[in-house]
Amino acid sequence: MERKDFIEKVGMSGAAILVMGCFGACSKSSDTGSGSGTNPNPNPSKPVDFTINISNSPYNVLQNNGGFYVDTANNVIIAKTTSGMLIAVSSLCTHQAVTLEFQGNNNRFYCPGHGSNFNTAGTVLNGPAATALKAYKTSLSGSLLRIYE
Ligand code: FES
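Residues numbered from 1 in each chain as written. Predicted model: local features only at pLDDT ≥ 70, side-chain atom pairs only at ≥ 80, totals over all residues.

This brings us to the confidence of the model for the protein. When pLDDT is averaged across the protein, the result is 81; 70% of the residues are at 70 or more. When the criterion is pLDDT under 50, residues 12-39 qualifies, and its contacts beyond four places in sequence or with other chains add up to 11 contacts. (pLDDT = per-residue confidence, 0-100. Contact = placed C-beta atoms within 7 Å.)

Judged by pairing direction, the sheet is antiparallel, and its 4 strands sit side by side in the order β5-β6-β7-β8 without closing on themselves. Looking at which strands have only one partner, the edges of the open sheet turn out to be β5 (101-103) and β8 (124-126). Looking at chain direction, strand β6 (residues 108-110) and strand β7 (residues 117-118) are connected through 2 bridges and run antiparallel. Within the sheet, the bridge partner assigned to Tyr110 lies in β7 and is Asn117. (Pairing = 2+ DSSP bridges. Helix = DSSP H or I, 4+ residues; strand = E, 2+ residues; numbered from the N terminus.)

What follows concerns the pairing of strand β10 (residues 144-148). Side chains Leu145 and Ile147 of β10 all project onto a buried face; the interleaved residues Leu144, Arg146 and Tyr148 project onto a face where none is buried. Two elements, strand β1 (residues 49-53) and β10, share 5 bridges in a ladder whose sense is antiparallel. When the bridges of β10 are listed, Thr51 appears paired with Arg146. Strand direction decides the pairing type here: strand β9 (residues 135-141) and β10, joined by 5 bridges, are antiparallel. (Buried ≥ 20, exposed ≤ 12 C-beta atoms within 10 Å, placed from the backbone.)

See below:
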């Protein structure tokens, strides 16, 4: 093999390795990112503002204290606290965007991803999440519940 041919082949392999290494590092970095600053609104140019009828399925779970419903279209979790308040926060954990649950018996939002907990206002009770959930306003008129910013 000529020296020139050898250098060309090694050079191409080296470049390929560098490129592959970059892809690996790039995907690893985004997979292990903190997730802080996740925008809960899938369409940030449009504020969250929607209404549900809590008399109708599947929203009627909100008639029970401790019940909750996740609206995947808006990334909002709506819950009824143990004292009967209807509350709404971002449904995506601020750590790595796992969908939250509401634990009625503990009156808090729980992340099954890595165990973060948030109070009913969305404040972090324990990490690894470090950022509060975005809280939304709610307004009940009859059985119509409006969730908005
Ligand atoms: S995604 Fe890690 S604690 Fe929620």
